[in-house]
Amino acid sequence: QPYPWKLSNTQEFYNICCYCSGGCGTICSVSDGKLVNLEGDPDHPCNIGGLCPKGAGLAGFRKIITKNRQEIDHPYRITRPRVRRPGSTEWEEISWAQAIEEMAHAIKKTRDENYTPYEDGVVVNRCDAIASFGAAQLNNEECYLAQKFARSLGCVQIDNQTRVCHSSTVSGLAPTFGRGSMTSHWSDIQNADVIMTIGSNNVECHPLSSRWVHKAVDKGAKWIVVDPRFNRSAAQADIYSKIRPGTDIAFFGGLINYILSNKLYQKDYVLSFTNASYLLNPNYKFNPEDGLFEGWDAKKGAYDTHTWQYQTEEVVPWNSDPGQPGAWINAPGVPKFNPPSLKVPKKDKSLKDPNCVLNVMQRHYARYTPETVCKVTGIDPEVLEEVYSTYASSGAPEKTATILYALGQTQHHNGSQNCRAMCVVQLLLGNVGVAGGGINALRGEPNVQGSTDLAVSSPDAPGYLAWPIAQRHPNLSTWMATEAYPDGFYINKPKFMISLLKEWYGDNAQLENDYCFDLFPKRSAKKNDTTMATFYGMNDYICKGYLVWGMNPCHCSANAKFVRNAMAKLDWMIVADWYETETASFWKAPDMDPTQIQTTVYLLPAALLYEKEGSLVNSGRWIQWRQKALEPAGQALSDFEILTKLFNRIQQLYRKEGGVNPDQVTKVNWDYRNPEGKLDVKAVSQALNGYDCKTKRLVNTFSELQGDGSTASGIWIYAGYYNNNEARWDPMEQPMTRRSKEDPSGLGLYLGWSFAWPANRRVLYNRASADVKGKPWNKDKMLVSWDGKKWVNNDVPDFVATSKNPDGSVKQVPPNNKAFMMTWEQNARLFAYPMKDGPLPEHYEPFESPTKNLLNGRGTSPLILFADKPQAKRGTKEEFPIVATSYSLTEHWQSGTQTRNVPWIVQTQPSPFVEVSQELAK
Ligand code: SF4
C-alpha cells in the first residue's frame, strides 16, 4: 500500500549547511509553513546530494521527535528575548521593545562614560569599554553590519571565530602570496597527482572533501597523511606518517632541504614567479648557535628587520599621466596625498650571487638533514624518505600536488610559520596557481571566510584593507600614502577605502571632511585588541559591555574558567543565539555564585539558517545564497533585524540627547530598506557589491570603483556578486545564485555556479599555471593560456590579462611574470620579510616541550607572546609531561551549541571521550 509521496505539494528552497566550510547545498521542502524535508542538493557541485551526519540532521533544530513518536517544537529553542538581572538566579522574559530600549541605553551609557578622543595627539575616537565577538555563523550581510555596528560606536575590539582557528593562515599566507585565503576550491582537489593531508583529519572534519580526494586517488594520485594520530583520513591514505606534535616546521624544513639539495624544484616557475633570484641585503643572516635572525633587540623583544630587505636599484615613481593606471589621483574629489614610489629589487637570474634568496634558503635549510628531522619529529627514516620522494615528485612541471590542512597547523605558537613553511614547499614545486595544487586551508565554520573577508576582526577593514592605526594612519592622506604602491593591485587601494567610507557614511562623507575618515575609531599600536586580550580587559574592568553574536566563548575559548570570571565583571552582555549557551548562562556555572554577579545579560532569539536569507562564503571562496524557507520560530529575528533595530534606536538617542561625539553614530548610513520601505537584507547585499552614488547603478567589477567619492562599496572584493540591476530585489537572478553545472574545462571549475570572489576566479594566482610566455605547464590542466595574440582561458584570469586603449577599447596584455599581483613585487615570496618572527620558517620547540631543540641553540621562539599576565601560572614540563591534542568528530561541531541540541546526532555520539595509549592508560 503506497503512502502518499511526502514531497508532493511542497515548495523547495535552497540553503547551505551551517557547519563546516564545505558549503554543501541543501534543499528545504516546505508545506503549510512547515519543514517537511531537508536533504542534500543533488545538483550542487560541492556535495552532489550528499550530506555528512551533521548536515543530514539540520532539520532537527526546529522540531524533534519524542519517545512516543510525536513531532514537537524544539523545547530548548529560544523563541522570546530574555534578561538576567544583576544578582538574579533566573531568566526573565522581556518584550523586544523593552529589550531594545534597555540595551540601547546601556550601550550609550557605557560609550559616553568611557571614550578616548585622542591618543598621541591623533584623533582616535575610540571606546575601549565595549567589545564585539562573532560571527562566522552569520551571513555576509550580517557580518558586515556586526562590525559596522561596533565600529560605529568607536569599538576596535572586534573578533570572531577566525582568531581561534585560521587567523594564523592569513598571517602566513598573505605575506607570501598577497592574500590569506585557500588558494583553490573543493572540486579542484580531484586534479592533484599527490595530496598531503597534514594537521587535518579531512575525512572526519570536512567529510565532503574526501569525495574529491578519492576522485583524485581513483585517477592514480597518491595520498599522504601526516598526523600525530592514526585517524580516519590516515586509515584511507596510501602513506601515513606519524609526527611529534609541534615539529611541523622541522618536517617541512627537511622537505625544503630535500627539494633544494636534489634540485627537484620547478626551476622556471621559481625563477619567473617567486623572489628566488632577488638579492638580499648582505648583512642579513641567521645564527644557528643562538637560533636568532639578524636584528634581534632583546630589550624591545622584537626584530629590527632592516637587513631582511632586498637590494634595490631604480626607483619607479607613481605615474599619474593621462591613460596610466595611476592617473586617477588627478580626478576632482580625490584627496591630495603623497603618492609613493617603488624601489625595484635587484635580481640575479643566474643564481650565482650568494645573496640570492634561493641561495640563502639553501644555506638555511642545510641543517634540516633527514637524520636530524627524524630525530626531531620522531618519523621513521624509511617513511620520511617515502613521503619526501612522493611529494617532491610533483616538482615536475606537468604534475601538481595539493596540501590540505586545518587547525593541526594553525593552532600552535608558530602557526603562521607552519603555514609559511607549506607555502614555501608549494612554491618550490610550482604548485600554487595550478589546477590540483594550492594551499588549502580547510576552514571550520560555514562563513568564517566571509566573516574574515568582511573584517569581523580588529586588524582589517572589509576586503583586507588595513584598519587605521593611530600611529600609522593619523589621517586619510597618510593612509593612502602608506597603503598604496604605484603598480599592481596596490595602486587602487585608496579607491576601495574611499568607496567603503561612502557606503559607511553616505552623503555625510565628502572630500571636505576626508570622507569622514576620522569617524573610524583608530586602533592603537600599543594595545592588543584580539579575543583573549578582550577577556583580560574585562578582568581589569576596562571592557564593560560585550556583544556576542552566535559565539560560545565559555565553551570554546582557552581558559574558559577565566573567561567566565572575567564576564562576571561586565556591566552588561548581549548574546544572540538559537539556544541558551554556556556563555549566555555563564552565571549559572557550578563555580559561579549568581547572587554576587552584577552583570545584566540579554539573550536574544536569533533566526535559524533557513529562517532568514543572505549570502555566505565557503572555503573555496564561493559566495552562495540562503533562501528563507520558514518564518522564524516564535519571536526570533534575524541578526540583521536585531542589529538594525538596536542601532537605529541608539542613533535616535544620540540625535535626541546628544552624548560623546554623536557624529560618529548619527552620521552612519544605516538605511537598508527596499522600495516598499521595509527592512531588506538585499539592500545590504547591494551595498556590499557596490554602486554608483548618483545613479545607484550596481557595479559589475571592482575596477569601476573610484577614489573621488562617486562610488560606494562595503567590500570591493565582492563586486560583481550581486550586480543584476534589472532584478535587483530578486536574489535568485544574481551571479551568486547561478546554478549551471557546465564544466567545459573538465577541471571542476563550474564558472556558472555561484560566484567566487574576486571576479569569479576559481583558482587564485592562475597566471602561474603557464610559463612566463603563457604556455601551460600541462595542457590537460590548462587554466590560462596565451595563443600568441590573446589569452584563451578556462578560468577567469587572476592577473592583468587586458587593459584599455585611450579610446576605451580593450587590448590584450602579453604575458609577463606578474603572477602574484597582490604583493607589491607581483611575485610570491619564498623569503617573506614582513613576517615579524623571521623571514624563513625555523623550528623552535613548543613552550611545553620536554626536549632540547636539535636544530638551533634556542629552545622556544623568542617571540612567543602571552596575552595574559606574566605572573599567570602556566605549569612546567615536569608537571605536565603528556602531550594532549584535541580533535573533532564528524557528528559534532565546534562548541556543540547546535549539534548538542539535535537528538539524533547526540544519539550517535552521546558524550565526549579521551583516547590514550595502552601504556599511558596503565
Ligand atoms: Fe557538508 Fe560540511 Fe555540512 Fe557536512 S558539515 S554537510 S561536509 S558543509
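That block above? That's the structure.
So, here's what we can say about the structure. What you see as residue numbers is a count from 1 along each chain, following the sequence as written. Note on the predicted model: pLDDT of at least 70 is required for a residue's local features to be given, and 80 or more for side-chain atom pairs to be given and counted; whole-chain, interface and lining totals, by contrast, use all residues. Side-chain figures throughout are based on the complete set of non-hydrogen atoms in the structure, without hydrogens or water.

Each residue is placed in one exposure class: buried if its accessible area under a 1.4 Å probe, protein chains only, is under 20% of its type's maximum, exposed if it is over 50%, and partly exposed if it falls in between. Here a helix means four or more residues in a row that DSSP labels H or I, a strand means two or more in a row labelled E, and each is numbered from the N terminus. Within strand E27 (residues 600-605), six of the six residues are buried, leaving the element largely enclosed by the surrounding structure. Side chains Thr600, Tyr602 and Leu604 of E27 all project onto a buried face; the interleaved residues Val601, Leu603 and Pro605 project onto the opposite face, where all are buried too. Note that strand E6 (residues 82-84) and E27 share three bridges and pair antiparallel. Opposite arginine 82, over in E27, you have leucine 603 as the bridge partner. Sheet topology note: the strand E26 (residues 572-577)/E27 ladder contains six bridges and is parallel. Within E27, the position partnered with alanine 576 by the bridge is leucine 604. The pairing criterion for strands is at least two bridges between them, as found by DSSP.

Attention now goes to unusual backbone geometry. The omega torsion of the bond from glycine 134 to alanine 135 falls at 5°, within 30 degrees of zero and hence cis. With respect to the helices, strands and loops of the structure, alanine 135 is situated in the loop between strand E10 (130-133) and helix H3 (140-151). If you check the backbone angles, isoleucine 48 has positive phi at about 40° while not being a glycine.

Before going further, it helps to spend a moment on a nonpolar patch on the surface. Each patch is built from salt-bridge-free residues with over 30% relative accessible area, joining like charges within 9 Å and nonpolar side chains (Val, Leu, Ile, Met, Phe, Trp, Tyr) within 5 Å. Surface exposure here means Shrake-Rupley accessible area, sampled with a 1.4 Å probe, where a residue is shielded only by the protein chains that are shown. Take a side-chain nitrogen of Lys or Arg and a carboxyl oxygen of Asp or Glu: if they are within 4 Å of each other, that pair is a salt bridge. On the surface, Ile882, Val914, Val916 and Leu920 cluster together to form a nonpolar patch covering roughly 390 Å² of accessible area. Relative to the helices and strands, valine 916 resides in the loop between helix H24 (903-908) and helix H25 (918-921). With a relative accessible area of 46%, valine 916 lands in the partly exposed category.

Bringing the pattern of salt bridges into the picture now. Under the criterion given, the structure shown has 48 salt bridges. A salt bridge links arginine 126 to glutamate 119; the nearest nitrogen and oxygen atoms lie 2.8 Å apart. For the pair shown, arginine 126 and glutamate 119 are each scored as buried. Overlapping salt bridges, with partners in common, bring together Asp41, Asp43, Arg739 and Lys741 in one network.

With that out of the way, let us pick up the sheet that holds E26. Spatially, seven strands are ordered E7-E6-E27-E26-E25-E10-E11 in an open sheet, and the strand pairing comes out mixed. Because the sheet does not close on itself, it has two edges, and the strands there are strand E7 (92-93) and strand E11 (157-159). Contacts are assigned to residue pairs that have any heavy atoms within 4.5 Å of one another. Axis angles are defined between N-to-C directions and span 0 to 180 degrees, where every axis is a line fitted to C-alpha atoms and, for a helix, only to the segment in contact. Packing against the sheet, H3 makes contact with E10, E11 and strand E25 (545-549), and its axis sits at approximately 170° to E11.

So, on to the side chain of serine 184. Of note, serine 184 is situated in the loop between helix H4 (167-177) and strand E12 (194-198). In terms of polar contacts, serine 184 uses its side chain to reach the side chain of aspartate 188, at 3.4 Å. For serine 184, the residues in contact, after removing those within four places along its chain, are Gly437, Gly438, Asn440, Gly620, Arg621, Arg762 and Val763. A 3.5 Å cut-off defines polar contacts: any pair of N or O atoms within that distance qualifies, except that in protein one atom must be a possible hydrogen donor and the other a possible acceptor, and neighbouring residues in sequence count only when both atoms are side-chain atoms.

Attention now goes to the site of the ligand. Nearness is judged by heavy atoms alone; a residue qualifies as near a molecule or strand once a single heavy atom is within 4 Å of it. Within the structure, the ligand sits among Cys17, Tyr19, Cys20, Gly22, Gly23, Cys24, Leu51, Cys52, Lys54, Gly55, Pro207 and Leu208. Counting only elements with at least two residues in the shell around the ligand, the list comes to helix H1 (53-56) and helix H6 (207-218).

This paragraph deals with the sheet that holds strand E28 (residues 614-617). Taken together, three strands build an open sheet; the order of strands is E28-E29-E32 and the sheet is antiparallel. Every other strand in the sheet has two partners, leaving E28 and strand E32 (755-756) as the edge strands with one partner each. Across two bridges, the pairing between strand E29 (residues 622-626) and E32 is antiparallel. Paired with isoleucine 623 across the two strands is phenylalanine 755, which belongs to E32. Lying on the sheet, H3 is in contact with E28 and E29; it crosses E28 at an angle near 90°.

Right, let's get into the packing of H3 against helix H17 (residues 493-505). At a minimum axis distance of 12 Å, the contact between H3 and H17 shows a crossing angle of 80°. By the angle class used here, H3 and H17 are roughly perpendicular. Of the residues in H17, those touching H3 at Tyr144, Gln147, Lys148 and Arg151 are Leu500, Glu503 and Trp504. Considering only residue class, the contact of H3 with H17 consists of three nonpolar, one polar and three charged. Working definition: roughly parallel below 35 degrees, roughly antiparallel above 145 degrees, roughly perpendicular at 65 to 115 degrees, and oblique for all remaining angles. By the convention adopted, Pro, Cys, Tyr, Trp, Phe, Met, Ile, Leu, Val and Ala count as nonpolar, Lys, Arg, Asp and Glu as charged, and the other residues, Gly among them, as polar.

With that settled, the discussion passes to H6. In this model H6 runs 17 Å from its N-terminal to its C-terminal C-alpha over twelve residues, within 8% of the 16 Å that 1.5 Å per residue would give. Along H6, the residues classified as buried are Pro207, Leu208, Ser209, Ser210, Trp212, Val213 and Ala216. In this structure, the buried residues of H6 make contact with E12, helix H5 (202-205), strand E13 (222-226) and strand E21 (401-405). Positive phi appears at glycine 220, one or two residues downstream of H6, with a value of about 115°. Multiplying 1.5 Å by the helix residue count minus one yields the expected span of that helix.

Moving on, we get to the nonpolar core. Nonpolar side chains in soluble globular proteins tend to be buried together. In these notes, a set of buried Ala, Val, Leu, Ile, Met, Phe, Trp, Tyr and Cys residues joined through side-chain atoms within 4.5 Å is what counts as a nonpolar core. With 209 residues, the main nonpolar core has Met196, Phe251, Leu428 and Phe820 as its most contacted residues. Excluding its chain neighbours within four sequence positions, the residues that come into contact with leucine 428 are Ile256, Ile259, Leu260, Tyr265, Gln266, Val270, Leu358, Met361 and Leu830. Listed in part, the 45 residues of the second largest apolar core include Cys17, Ala221, Val225 and Tyr610.

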